[in-house]
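# Structural overview
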Amino acid sequence: MPMLRQYVPAAQAQALGLDRLNVAALLDNRMAAQFQVILQRLAAQGEVSQGIFLVVELLLPTRNFLQLYLWWQYLKMRYMQEQAQTNAQQRYCQQAFVEMDRTISGLLAHRLCPEILRKGYGMISAYLAKQVVLPTREQAEQQRAGGAGGFLSQAMSRCNIM
Amino acid sequence: MWVVVSQTLGTFFSILFSSTAVLPPLPDSIDSVFMASEQANRAKSEGTAAYSRGDYQTATNLFTTAVEHGAGDKEFLKIIHSNRSAAYFNMKQYEKALSDGNKCVELDAQWSKGYGRKGDALYALRRFGEAYNAYNAALRIAPADQAMKEKAEKAMAAIRNESSSAGSSASTSSASDDSVVVKYLKYATLGLFFTYLIPLGGMVNSWSYRLSAGAFAIEQIIGVYKRHGFPRLAEDYAARLMPDSALPRLLLGFFVAMSPRPYLLALIPILLMTIASFTQNIFQVGSSIIYVLKPIQNAIFEHTVWTRQCPCHRRKSHAHASSVCAGCSGTGSWS
(Lines give C-alpha, C1' and ligand atoms only; values in the text may rest on other atoms or scores of the structure.)
Protein backbone atom coordinates (compact mmCIF):
# COMPACT_ATOMS: atom_id res chain seq x y z
CA MET A 1 0.00 0.00 0.00
CA PRO A 2 2.70 2.57 0.87
CA MET A 3 4.45 1.63 -2.37
CA LEU A 4 1.31 2.36 -4.35
CA ARG A 5 1.02 5.69 -2.60
CA GLN A 6 4.49 6.48 -3.87
CA TYR A 7 3.42 6.28 -7.48
CA VAL A 8 -0.07 7.75 -7.28
CA PRO A 9 -0.35 11.33 -6.02
CA ALA A 10 -2.27 11.44 -2.75
CA ALA A 11 -5.17 13.56 -4.02
CA GLN A 12 -5.73 11.33 -7.04
CA ALA A 13 -5.54 8.19 -4.92
CA GLN A 14 -8.24 9.52 -2.66
CA ALA A 15 -10.42 10.40 -5.66
CA LEU A 16 -10.04 6.90 -7.09
CA GLY A 17 -10.68 5.27 -3.73
CA LEU A 18 -7.30 3.55 -3.81
CA ASP A 19 -6.66 4.35 -0.17
CA ARG A 20 -9.55 2.08 0.77
CA LEU A 21 -8.90 -0.63 -1.84
CA ASN A 22 -7.70 -4.00 -0.58
CA VAL A 23 -4.86 -4.43 -3.05
CA ALA A 24 -3.47 -7.42 -1.17
CA ALA A 25 -6.68 -9.44 -1.61
CA LEU A 26 -6.92 -8.45 -5.27
CA LEU A 27 -3.38 -9.56 -6.01
CA ASP A 28 -3.91 -12.70 -3.98
CA ASN A 29 -6.82 -13.94 -6.12
CA ARG A 30 -5.10 -13.06 -9.35
CA MET A 31 -1.87 -14.69 -8.28
CA ALA A 32 -3.72 -17.82 -7.15
CA ALA A 33 -5.32 -18.14 -10.59
CA GLN A 34 -1.95 -17.59 -12.25
CA PHE A 35 -0.34 -20.17 -9.98
CA GLN A 36 -2.93 -22.76 -10.97
CA VAL A 37 -2.44 -22.02 -14.67
CA ILE A 38 1.33 -22.46 -14.34
CA LEU A 39 0.94 -25.77 -12.50
CA GLN A 40 -1.54 -27.11 -15.05
CA ARG A 41 0.72 -26.11 -17.92
CA LEU A 42 3.72 -27.79 -16.32
CA ALA A 43 1.65 -30.92 -15.66
CA ALA A 44 0.57 -31.08 -19.33
CA GLN A 45 4.17 -30.62 -20.46
CA GLY A 46 5.22 -33.44 -18.15
CA GLU A 47 2.58 -35.75 -19.63
CA VAL A 48 3.62 -35.05 -23.21
CA SER A 49 7.29 -35.46 -22.30
CA GLN A 50 6.53 -38.81 -20.73
CA GLY A 51 4.76 -39.84 -23.96
CA ILE A 52 7.82 -38.89 -26.00
CA PHE A 53 10.09 -40.62 -23.50
CA LEU A 54 8.11 -43.85 -23.81
CA VAL A 55 8.60 -43.70 -27.58
CA VAL A 56 12.33 -43.13 -27.19
CA GLU A 57 12.45 -45.92 -24.62
CA LEU A 58 11.53 -48.39 -27.37
CA LEU A 59 15.23 -48.24 -28.31
CA LEU A 60 16.24 -49.23 -24.75
CA PRO A 61 15.99 -52.70 -23.20
CA THR A 62 13.33 -51.45 -20.76
CA ARG A 63 10.86 -50.91 -23.62
CA ASN A 64 7.21 -51.32 -22.73
CA PHE A 65 4.58 -51.45 -25.45
CA LEU A 66 1.51 -51.66 -23.23
CA GLN A 67 2.47 -48.62 -21.17
CA LEU A 68 3.19 -46.70 -24.39
CA TYR A 69 -0.20 -47.57 -25.85
CA LEU A 70 -2.12 -46.75 -22.68
CA TRP A 71 -0.26 -43.46 -22.19
CA TRP A 72 -0.98 -42.28 -25.70
CA GLN A 73 -4.64 -43.27 -25.29
CA TYR A 74 -4.71 -41.09 -22.19
CA LEU A 75 -3.11 -38.19 -24.08
CA LYS A 76 -5.60 -38.61 -26.90
CA MET A 77 -8.52 -38.52 -24.50
CA ARG A 78 -7.18 -35.44 -22.75
CA TYR A 79 -6.61 -33.68 -26.09
CA MET A 80 -10.08 -34.50 -27.40
CA GLN A 81 -11.68 -33.37 -24.17
CA GLU A 82 -9.89 -30.03 -24.44
CA GLN A 83 -11.34 -29.41 -27.90
CA ALA A 84 -14.66 -28.71 -26.16
CA GLN A 85 -12.95 -26.13 -23.91
CA THR A 86 -14.05 -22.65 -25.03
CA ASN A 87 -11.26 -20.86 -23.19
CA ALA A 88 -8.17 -21.35 -25.37
CA GLN A 89 -5.98 -20.42 -22.38
CA GLN A 90 -7.07 -23.57 -20.59
CA ARG A 91 -6.20 -25.99 -23.39
CA TYR A 92 -3.09 -27.05 -21.51
CA CYS A 93 -2.52 -30.35 -23.29
CA GLN A 94 -2.89 -28.82 -26.74
CA GLN A 95 -0.48 -26.03 -25.84
CA ALA A 96 2.00 -28.58 -24.55
CA PHE A 97 1.78 -30.50 -27.83
CA VAL A 98 2.31 -27.30 -29.81
CA GLU A 99 5.38 -26.44 -27.74
CA MET A 100 6.77 -29.96 -28.02
CA ASP A 101 6.22 -29.93 -31.78
CA ARG A 102 8.04 -26.61 -32.02
CA THR A 103 10.99 -27.94 -30.03
CA ILE A 104 11.30 -31.16 -32.02
CA SER A 105 10.89 -29.36 -35.37
CA GLY A 106 13.60 -26.93 -34.33
CA LEU A 107 15.97 -29.80 -33.57
CA LEU A 108 15.14 -31.60 -36.81
CA ALA A 109 15.71 -28.44 -38.84
CA HIS A 110 19.42 -28.65 -38.03
CA ARG A 111 21.58 -29.13 -41.13
CA LEU A 112 23.24 -32.26 -39.72
CA CYS A 113 19.89 -33.98 -39.12
CA PRO A 114 19.28 -36.75 -41.66
CA GLU A 115 16.37 -36.29 -44.04
CA ILE A 116 14.77 -39.59 -43.06
CA LEU A 117 14.23 -38.46 -39.44
CA ARG A 118 12.49 -35.34 -40.67
CA LYS A 119 10.27 -37.38 -42.95
CA GLY A 120 9.51 -39.91 -40.26
CA TYR A 121 8.58 -37.20 -37.76
CA GLY A 122 6.34 -35.56 -40.36
CA MET A 123 4.52 -38.84 -40.93
CA ILE A 124 4.12 -39.55 -37.21
CA SER A 125 2.81 -36.05 -36.44
CA ALA A 126 0.35 -36.26 -39.38
CA TYR A 127 -0.87 -39.62 -38.06
CA LEU A 128 -1.27 -38.24 -34.53
CA ALA A 129 -3.15 -35.19 -35.81
CA LYS A 130 -5.53 -37.50 -37.69
CA GLN A 131 -6.21 -39.42 -34.48
CA VAL A 132 -7.78 -36.48 -32.68
CA VAL A 133 -9.91 -34.99 -35.48
CA LEU A 134 -13.53 -34.97 -34.36
CA PRO A 135 -16.04 -36.23 -36.94
CA THR A 136 -17.78 -33.45 -38.87
CA ARG A 137 -21.52 -32.94 -38.62
CA GLU A 138 -22.12 -34.53 -42.04
CA GLN A 139 -20.21 -37.63 -41.04
CA ALA A 140 -22.19 -37.83 -37.84
CA GLU A 141 -25.44 -37.50 -39.83
CA GLN A 142 -24.32 -40.31 -42.13
CA GLN A 143 -23.45 -42.42 -39.14
CA ARG A 144 -26.87 -41.79 -37.63
CA ALA A 145 -28.56 -42.67 -40.93
CA GLY A 146 -26.63 -45.90 -40.91
CA GLY A 147 -28.15 -46.61 -37.52
CA ALA A 148 -24.89 -46.93 -35.61
CA GLY A 149 -25.36 -44.27 -32.91
CA GLY A 150 -24.96 -40.52 -32.98
CA PHE A 151 -22.23 -37.94 -32.76
CA LEU A 152 -21.58 -38.63 -29.12
CA SER A 153 -21.14 -42.36 -29.48
CA GLN A 154 -18.81 -41.85 -32.41
CA ALA A 155 -16.75 -39.37 -30.44
CA MET A 156 -16.68 -41.88 -27.62
CA SER A 157 -15.66 -44.69 -29.92
CA ARG A 158 -12.78 -42.52 -31.11
CA CYS A 159 -11.41 -41.98 -27.65
CA ASN A 160 -11.93 -45.50 -26.43
CA ILE A 161 -9.37 -47.09 -24.18
CA MET A 162 -9.32 -50.72 -25.23
CA MET B 1 -63.55 37.25 -47.04
CA TRP B 2 -66.94 35.47 -47.12
CA VAL B 3 -65.37 32.74 -49.12
CA VAL B 4 -62.79 32.12 -46.41
CA VAL B 5 -65.41 32.11 -43.65
CA SER B 6 -67.68 29.69 -45.49
CA GLN B 7 -64.74 27.43 -46.28
CA THR B 8 -63.63 27.37 -42.64
CA LEU B 9 -67.18 26.65 -41.47
CA GLY B 10 -67.49 23.92 -44.09
CA THR B 11 -64.28 22.26 -42.93
CA PHE B 12 -65.41 22.54 -39.31
CA PHE B 13 -68.75 20.89 -40.01
CA SER B 14 -67.24 18.21 -42.18
CA ILE B 15 -64.78 17.33 -39.38
CA LEU B 16 -67.60 17.32 -36.86
CA PHE B 17 -69.85 14.99 -38.85
CA SER B 18 -67.16 12.71 -40.20
CA SER B 19 -65.53 12.32 -36.76
CA THR B 20 -68.76 11.09 -35.23
CA ALA B 21 -68.84 8.44 -37.92
CA VAL B 22 -65.22 7.38 -37.33
CA LEU B 23 -65.33 7.17 -33.52
CA PRO B 24 -66.41 3.82 -32.07
CA PRO B 25 -69.67 3.75 -30.15
CA LEU B 26 -69.21 4.67 -26.51
CA PRO B 27 -69.47 1.79 -24.08
CA ASP B 28 -72.21 1.91 -21.45
CA SER B 29 -69.61 1.83 -18.66
CA ILE B 30 -66.13 3.32 -18.95
CA ASP B 31 -64.92 1.00 -16.15
CA SER B 32 -65.26 -2.10 -18.31
CA VAL B 33 -62.60 -0.80 -20.69
CA PHE B 34 -60.22 1.35 -18.69
CA MET B 35 -60.38 -0.31 -15.30
CA ALA B 36 -60.61 -3.85 -14.12
CA SER B 37 -64.08 -4.98 -13.26
CA GLU B 38 -65.40 -5.44 -9.74
CA GLN B 39 -65.06 -9.21 -10.08
CA ALA B 40 -61.42 -8.98 -11.10
CA ASN B 41 -60.64 -6.70 -8.17
CA ARG B 42 -62.33 -9.09 -5.76
CA ALA B 43 -60.41 -12.04 -7.19
CA LYS B 44 -57.19 -10.06 -6.83
CA SER B 45 -57.74 -9.19 -3.18
CA GLU B 46 -58.81 -12.75 -2.35
CA GLY B 47 -55.79 -14.09 -4.21
CA THR B 48 -53.46 -11.78 -2.31
CA ALA B 49 -55.01 -12.96 0.96
CA ALA B 50 -54.54 -16.60 -0.08
CA TYR B 51 -50.94 -15.84 -1.05
CA SER B 52 -50.16 -14.30 2.32
CA ARG B 53 -51.78 -17.34 3.99
CA GLY B 54 -49.39 -19.56 2.02
CA ASP B 55 -52.17 -21.20 0.00
CA TYR B 56 -50.44 -20.74 -3.35
CA GLN B 57 -52.68 -23.08 -5.37
CA THR B 58 -55.80 -21.08 -4.51
CA ALA B 59 -53.90 -17.86 -5.05
CA THR B 60 -52.85 -18.84 -8.59
CA ASN B 61 -56.42 -19.92 -9.42
CA LEU B 62 -57.81 -16.59 -8.18
CA PHE B 63 -55.15 -14.61 -10.02
CA THR B 64 -55.99 -16.49 -13.20
CA THR B 65 -59.64 -15.48 -12.73
CA ALA B 66 -58.52 -11.90 -12.20
CA VAL B 67 -56.47 -12.00 -15.41
CA GLU B 68 -59.50 -13.25 -17.35
CA HIS B 69 -61.77 -10.50 -16.00
CA GLY B 70 -59.23 -7.71 -16.06
CA ALA B 71 -58.36 -7.77 -19.74
CA GLY B 72 -57.36 -4.36 -21.10
CA ASP B 73 -56.09 -2.71 -17.93
CA LYS B 74 -52.32 -2.92 -18.21
CA GLU B 75 -51.56 -1.48 -14.76
CA PHE B 76 -53.87 -4.03 -13.15
CA LEU B 77 -52.67 -6.95 -15.26
CA LYS B 78 -48.98 -6.42 -14.61
CA ILE B 79 -49.53 -6.57 -10.86
CA ILE B 80 -51.67 -9.71 -11.21
CA HIS B 81 -49.03 -11.38 -13.39
CA SER B 82 -46.31 -10.40 -10.97
CA ASN B 83 -48.27 -11.86 -8.04
CA ARG B 84 -49.06 -15.03 -9.93
CA SER B 85 -45.38 -15.35 -10.88
CA ALA B 86 -44.45 -15.15 -7.19
CA ALA B 87 -47.09 -17.77 -6.34
CA TYR B 88 -45.82 -20.11 -9.04
CA PHE B 89 -42.27 -19.49 -7.84
CA ASN B 90 -43.25 -20.57 -4.34
CA MET B 91 -44.93 -23.67 -5.79
CA LYS B 92 -41.58 -24.39 -7.53
CA GLN B 93 -43.27 -24.17 -10.96
CA TYR B 94 -40.48 -22.05 -12.35
CA GLU B 95 -41.43 -22.33 -16.05
CA LYS B 96 -44.85 -20.82 -15.33
CA ALA B 97 -43.28 -18.21 -13.05
CA LEU B 98 -40.95 -17.28 -15.90
CA SER B 99 -43.76 -16.93 -18.44
CA ASP B 100 -45.63 -14.63 -16.02
CA GLY B 101 -42.45 -12.64 -15.43
CA ASN B 102 -42.05 -12.26 -19.19
CA LYS B 103 -45.66 -11.08 -19.40
CA CYS B 104 -44.94 -8.42 -16.75
CA VAL B 105 -41.99 -7.11 -18.76
CA GLU B 106 -44.10 -7.16 -21.90
CA LEU B 107 -46.87 -5.15 -20.24
CA ASP B 108 -44.57 -2.56 -18.71
CA ALA B 109 -40.94 -2.44 -19.82
CA GLN B 110 -40.23 0.32 -17.30
CA TRP B 111 -41.29 -1.63 -14.20
CA SER B 112 -38.31 -3.00 -12.28
CA LYS B 113 -40.33 -5.51 -10.27
CA GLY B 114 -41.30 -7.40 -13.43
CA TYR B 115 -37.63 -7.86 -14.30
CA GLY B 116 -37.03 -9.00 -10.74
CA ARG B 117 -39.70 -11.72 -11.02
CA LYS B 118 -38.29 -12.83 -14.36
CA GLY B 119 -34.79 -12.94 -12.92
CA ASP B 120 -35.87 -14.99 -9.90
CA ALA B 121 -37.53 -17.58 -12.13
CA LEU B 122 -34.50 -17.74 -14.43
CA TYR B 123 -32.16 -18.11 -11.46
CA ALA B 124 -34.25 -20.98 -10.12
CA LEU B 125 -34.11 -22.58 -13.58
CA ARG B 126 -30.29 -22.28 -13.32
CA ARG B 127 -30.15 -19.95 -16.35
CA PHE B 128 -27.82 -17.61 -14.48
CA GLY B 129 -26.69 -15.51 -17.45
CA GLU B 130 -30.24 -14.52 -18.39
CA ALA B 131 -31.09 -14.01 -14.71
CA TYR B 132 -28.16 -11.63 -14.38
CA ASN B 133 -29.35 -9.70 -17.44
CA ALA B 134 -32.87 -9.42 -15.99
CA TYR B 135 -31.57 -8.14 -12.64
CA ASN B 136 -29.37 -5.69 -14.48
CA ALA B 137 -32.35 -4.40 -16.46
CA ALA B 138 -34.17 -3.86 -13.15
CA LEU B 139 -31.16 -2.00 -11.76
CA ARG B 140 -31.07 0.24 -14.79
CA ILE B 141 -34.61 1.38 -13.95
CA ALA B 142 -34.16 1.47 -10.17
CA PRO B 143 -30.42 1.83 -9.47
CA ALA B 144 -30.84 2.22 -5.70
CA ASP B 145 -32.52 -1.16 -5.16
CA GLN B 146 -30.19 -2.87 -2.69
CA ALA B 147 -31.97 -6.25 -2.76
CA MET B 148 -31.78 -6.30 -6.54
CA LYS B 149 -28.07 -5.49 -6.40
CA GLU B 150 -27.49 -8.44 -4.10
CA LYS B 151 -29.47 -10.71 -6.42
CA ALA B 152 -27.41 -9.55 -9.41
CA GLU B 153 -24.21 -10.24 -7.50
CA LYS B 154 -25.50 -13.68 -6.54
CA ALA B 155 -26.27 -14.44 -10.18
CA MET B 156 -22.81 -13.27 -11.23
CA ALA B 157 -21.21 -15.47 -8.57
CA ALA B 158 -23.27 -18.42 -9.85
CA ILE B 159 -22.11 -17.75 -13.42
CA ARG B 160 -18.49 -17.67 -12.30
CA ASN B 161 -18.94 -20.79 -10.23
CA GLU B 162 -20.58 -22.64 -13.09
CA SER B 163 -18.01 -21.65 -15.70
CA SER B 164 -15.14 -22.64 -13.44
CA SER B 165 -16.72 -25.98 -12.53
CA ALA B 166 -17.53 -26.71 -16.18
CA GLY B 167 -13.95 -26.21 -17.28
CA SER B 168 -11.79 -28.07 -14.83
CA SER B 169 -13.92 -29.04 -11.91
CA ALA B 170 -11.28 -31.05 -10.14
CA SER B 171 -8.50 -28.48 -10.36
CA THR B 172 -10.45 -25.39 -9.35
CA SER B 173 -12.24 -26.95 -6.38
CA SER B 174 -10.31 -25.92 -3.33
CA ALA B 175 -9.06 -28.48 -0.89
CA SER B 176 -10.87 -26.72 1.94
CA ASP B 177 -14.31 -28.01 0.88
CA ASP B 178 -13.16 -31.59 0.44
CA SER B 179 -14.23 -34.39 2.74
CA VAL B 180 -11.71 -35.77 5.23
CA VAL B 181 -11.10 -38.87 3.11
CA VAL B 182 -10.29 -36.86 -0.02
CA LYS B 183 -8.06 -34.55 1.98
CA TYR B 184 -6.06 -37.46 3.38
CA LEU B 185 -5.82 -39.06 -0.05
CA LYS B 186 -4.27 -35.81 -1.30
CA TYR B 187 -1.82 -35.77 1.61
CA ALA B 188 -1.00 -39.41 0.81
CA THR B 189 -0.34 -38.54 -2.85
CA LEU B 190 2.05 -35.77 -1.83
CA GLY B 191 3.72 -37.68 0.99
CA LEU B 192 4.26 -40.88 -1.00
CA PHE B 193 5.75 -38.87 -3.85
CA PHE B 194 8.48 -37.60 -1.52
CA THR B 195 8.93 -41.09 -0.07
CA TYR B 196 9.46 -42.28 -3.63
CA LEU B 197 12.16 -39.66 -4.16
CA ILE B 198 14.15 -40.85 -1.11
CA PRO B 199 16.26 -43.87 -2.13
CA LEU B 200 15.07 -46.39 0.47
CA GLY B 201 15.38 -49.52 -1.65
CA GLY B 202 13.52 -51.02 -4.59
CA MET B 203 10.37 -52.25 -2.82
CA VAL B 204 9.74 -49.11 -0.81
CA ASN B 205 10.29 -46.93 -3.83
CA SER B 206 8.09 -48.84 -6.22
CA TRP B 207 5.29 -49.24 -3.66
CA SER B 208 5.27 -45.59 -2.68
CA TYR B 209 5.12 -44.78 -6.39
CA ARG B 210 2.17 -47.08 -6.93
CA LEU B 211 0.30 -45.99 -3.84
CA SER B 212 0.82 -42.32 -4.64
CA ALA B 213 -0.77 -42.76 -8.08
CA GLY B 214 -3.41 -45.08 -6.62
CA ALA B 215 -4.44 -42.50 -4.03
CA PHE B 216 -4.79 -39.97 -6.82
CA ALA B 217 -6.98 -42.37 -8.82
CA ILE B 218 -9.20 -43.13 -5.80
CA GLU B 219 -9.56 -39.40 -5.12
CA GLN B 220 -10.76 -38.92 -8.70
CA ILE B 221 -13.22 -41.83 -8.35
CA ILE B 222 -14.68 -40.20 -5.23
CA GLY B 223 -14.95 -36.89 -7.10
CA VAL B 224 -16.77 -38.50 -10.03
CA TYR B 225 -19.13 -40.32 -7.65
CA LYS B 226 -19.88 -37.08 -5.80
CA ARG B 227 -20.62 -35.12 -8.97
CA HIS B 228 -22.42 -37.69 -11.13
CA GLY B 229 -23.58 -40.42 -8.75
CA PHE B 230 -23.12 -44.15 -9.05
CA PRO B 231 -22.03 -45.25 -12.57
CA ARG B 232 -24.87 -46.32 -14.84
CA LEU B 233 -24.86 -47.77 -18.33
CA ALA B 234 -26.88 -44.90 -19.77
CA GLU B 235 -26.21 -42.35 -22.44
CA ASP B 236 -27.05 -39.36 -20.25
CA TYR B 237 -24.58 -40.51 -17.60
CA ALA B 238 -21.90 -40.89 -20.30
CA ALA B 239 -22.74 -37.47 -21.73
CA ARG B 240 -22.26 -35.89 -18.31
CA LEU B 241 -19.10 -37.88 -17.58
CA MET B 242 -17.26 -37.29 -20.87
CA PRO B 243 -16.51 -33.56 -20.41
CA ASP B 244 -15.46 -34.04 -16.78
CA SER B 245 -11.72 -33.53 -16.43
CA ALA B 246 -11.63 -36.07 -13.58
CA LEU B 247 -12.07 -38.90 -16.09
CA PRO B 248 -8.67 -38.61 -17.81
CA ARG B 249 -7.11 -37.97 -14.41
CA LEU B 250 -8.59 -41.18 -13.13
CA LEU B 251 -7.05 -43.04 -16.08
CA LEU B 252 -3.74 -41.26 -15.50
CA GLY B 253 -3.61 -42.40 -11.90
CA PHE B 254 -4.62 -45.92 -12.90
CA PHE B 255 -2.03 -46.23 -15.70
CA VAL B 256 0.75 -44.83 -13.56
CA ALA B 257 -0.08 -47.19 -10.71
CA MET B 258 -0.16 -50.16 -13.13
CA SER B 259 3.16 -49.40 -14.81
CA PRO B 260 5.71 -52.24 -14.43
CA ARG B 261 8.44 -49.89 -13.28
CA PRO B 262 8.40 -46.40 -11.79
CA TYR B 263 8.75 -43.34 -14.01
CA LEU B 264 9.51 -40.08 -12.25
CA LEU B 265 8.22 -38.08 -15.21
CA ALA B 266 4.85 -39.83 -15.06
CA LEU B 267 4.35 -38.97 -11.40
CA ILE B 268 5.15 -35.26 -11.80
CA PRO B 269 1.79 -34.36 -13.47
CA ILE B 270 -0.02 -36.07 -10.59
CA LEU B 271 2.04 -34.11 -8.07
CA LEU B 272 1.39 -30.81 -9.83
CA MET B 273 -2.35 -31.41 -10.14
CA THR B 274 -2.53 -32.24 -6.43
CA ILE B 275 -0.61 -29.09 -5.54
CA ALA B 276 -2.94 -27.09 -7.82
CA SER B 277 -5.93 -28.29 -5.80
CA PHE B 278 -4.24 -26.90 -2.67
CA THR B 279 -3.83 -23.43 -4.24
CA GLN B 280 -6.43 -21.77 -2.00
CA ASN B 281 -4.83 -23.18 1.15
CA ILE B 282 -1.33 -22.18 0.04
CA PHE B 283 -2.44 -18.64 -0.60
CA GLN B 284 -4.39 -18.47 2.66
CA VAL B 285 -1.27 -19.43 4.56
CA GLY B 286 0.72 -16.96 2.47
CA SER B 287 -1.62 -14.09 3.17
CA SER B 288 -1.73 -14.86 6.89
CA ILE B 289 2.08 -14.76 6.95
CA ILE B 290 1.94 -11.42 5.16
CA TYR B 291 -0.57 -10.21 7.77
CA VAL B 292 1.81 -11.16 10.57
CA LEU B 293 4.82 -9.66 8.82
CA LYS B 294 3.00 -6.48 7.76
CA PRO B 295 4.20 -4.26 10.68
CA ILE B 296 7.77 -5.44 10.12
CA GLN B 297 7.48 -4.77 6.40
CA ASN B 298 6.11 -1.31 7.06
CA ALA B 299 8.91 -0.58 9.48
CA ILE B 300 11.48 -1.66 6.91
CA PHE B 301 9.74 0.43 4.28
CA GLU B 302 9.72 3.50 6.47
CA HIS B 303 13.48 3.22 6.85
CA THR B 304 14.14 2.74 3.17
CA VAL B 305 14.71 5.69 0.90
CA TRP B 306 13.03 5.19 -2.45
CA THR B 307 14.57 6.95 -5.38
CA ARG B 308 12.32 7.74 -8.27
CA GLN B 309 11.63 10.21 -11.03
CA CYS B 310 8.58 12.31 -10.26
CA PRO B 311 6.01 12.54 -13.11
CA CYS B 312 6.52 16.31 -13.11
CA HIS B 313 10.07 15.72 -14.48
CA ARG B 314 11.23 18.68 -12.40
CA ARG B 315 13.47 16.78 -10.08
CA LYS B 316 14.52 13.42 -9.01
CA SER B 317 13.08 13.41 -5.53
CA HIS B 318 14.47 11.21 -2.83
CA ALA B 319 11.02 10.84 -1.46
CA HIS B 320 10.20 9.35 1.90
CA ALA B 321 7.16 7.08 2.07
CA SER B 322 4.87 9.79 3.37
CA SER B 323 6.38 12.86 1.71
CA VAL B 324 5.67 14.29 -1.73
CA CYS B 325 7.82 15.75 -4.48
CA ALA B 326 9.10 19.21 -3.61
CA GLY B 327 8.89 20.26 -7.27
CA CYS B 328 5.21 19.70 -7.90
CA SER B 329 3.96 19.06 -4.33
CA GLY B 330 2.48 15.72 -5.36
CA THR B 331 0.26 16.82 -8.23
CA GLY B 332 2.61 15.31 -10.81
CA SER B 333 2.15 18.16 -13.27
CA TRP B 334 4.12 21.28 -14.21
CA SER B 335 3.59 24.15 -11.89
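Described below are features of the structure shown in this document. Within each chain, residues carry numbers counting from 1 in the order of the written sequence. Each chain gets a letter, beginning with A, and each ligand a number, beginning with 1, in the order they are written. Only residues with pLDDT of at least 70 get local features here, since the model is predicted, and only at 80 or more are side-chain atom pairs given and counted; chain-wide, interface and lining totals rely on the full set of residues. Water and hydrogen atoms were dropped before computing side-chain values, which therefore reflect all heavy atoms in the structure.

When you go through chain A residue by residue, the secondary structure sums to 8 helices and 0 strands. Numbered from the N terminus, helices here are DSSP runs of H or I no shorter than four residues, and strands are runs of E no shorter than two. Reading the helices (α) and strands (β) of chain A from amino to carboxyl end gives α-α-α-α-α-α-α-α. Within chain A, buried positions represent 34% of all 162 residues. Any pair of residues with heavy atoms lying within 4.5 Å of one another is described as a contacting pair. Restricting to contacts in chain A with at least 6 residues of sequence separation, those with at least 24 account for 45%. Residue exposure (1.4 Å probe, protein chains only): buried if accessible area is under 20% of the type maximum, exposed if over 50%, otherwise partly exposed.

Moving on to a nonpolar patch on the surface. Residue and element names in this part refer to chain B. Where nonpolar side chains cluster on the molecular surface, the patch consists of Ile-198, Leu-200, Met-203, Val-204, Trp-207 and Leu-211 and spans about 610 Å² of accessible area. The topology assignment puts Trp-207 in helix H12 (residues 202–228). Its relative accessible area of 46% is what places Trp-207 among the partly exposed residues. Surface patches are drawn from residues lacking salt bridges whose relative accessible area is over 30%; two like charges belong together within 9 Å, two nonpolar side chains (Val, Leu, Ile, Met, Phe, Trp, Tyr) within 5 Å. Only the protein chains shown count as cover for residues, and all accessible areas are computed by the Shrake-Rupley method using a 1.4 Å probe. Any carboxyl oxygen of Asp or Glu within 4 Å of a side-chain nitrogen of Lys or Arg constitutes a salt bridge here.

For the rest of this paragraph, the subject is helix H4 (residues 56–69) of chain B. Residues and elements named next belong to chain B. By this rule the span expected of a helix is its residue count minus one, scaled by 1.5 Å. A rise of 1.5 Å per residue sets the reference length of H4, with its 14 residues, at 20 Å; its end C-alpha atoms lie 20 Å apart and thus fit the reference within 8%. Of all the positions in H4, only Ala-59, Thr-60, Leu-62, Phe-63, Ala-66 and Val-67 are classed as buried. The buried side chains of H4 occupy one side of the element, clustering within an arc of 165 degrees when seen end-on. On its buried face, H4 is in contact with helix H3 (38–53) and helix H5 (74–90). Note that the arc is computed from the directions linking the helix axis to the C-beta atoms.

Another point: the pattern of salt bridges. Between side chains of opposite charge, a pair can form when the charged atoms approach closely. The full count for this structure, using the stated rule, is 11 salt bridges over all chains. Among the ionic pairs, Asp-120 of chain B bridges to Lys-151 of chain B, the shortest N-O distance being 3.3 Å. Taken as a pair, Asp-120 of chain B in helix H7 (residues 112–124) and Lys-151 of chain B in helix H9 (residues 146–167) lie far apart in primary sequence, 31 residues in all. Residues participating in the shared-partner salt-bridge network are Glu-47, Arg-78 and Glu-82 of chain A.

Take it as geometry only, folks, not as evidence of what the structure does.
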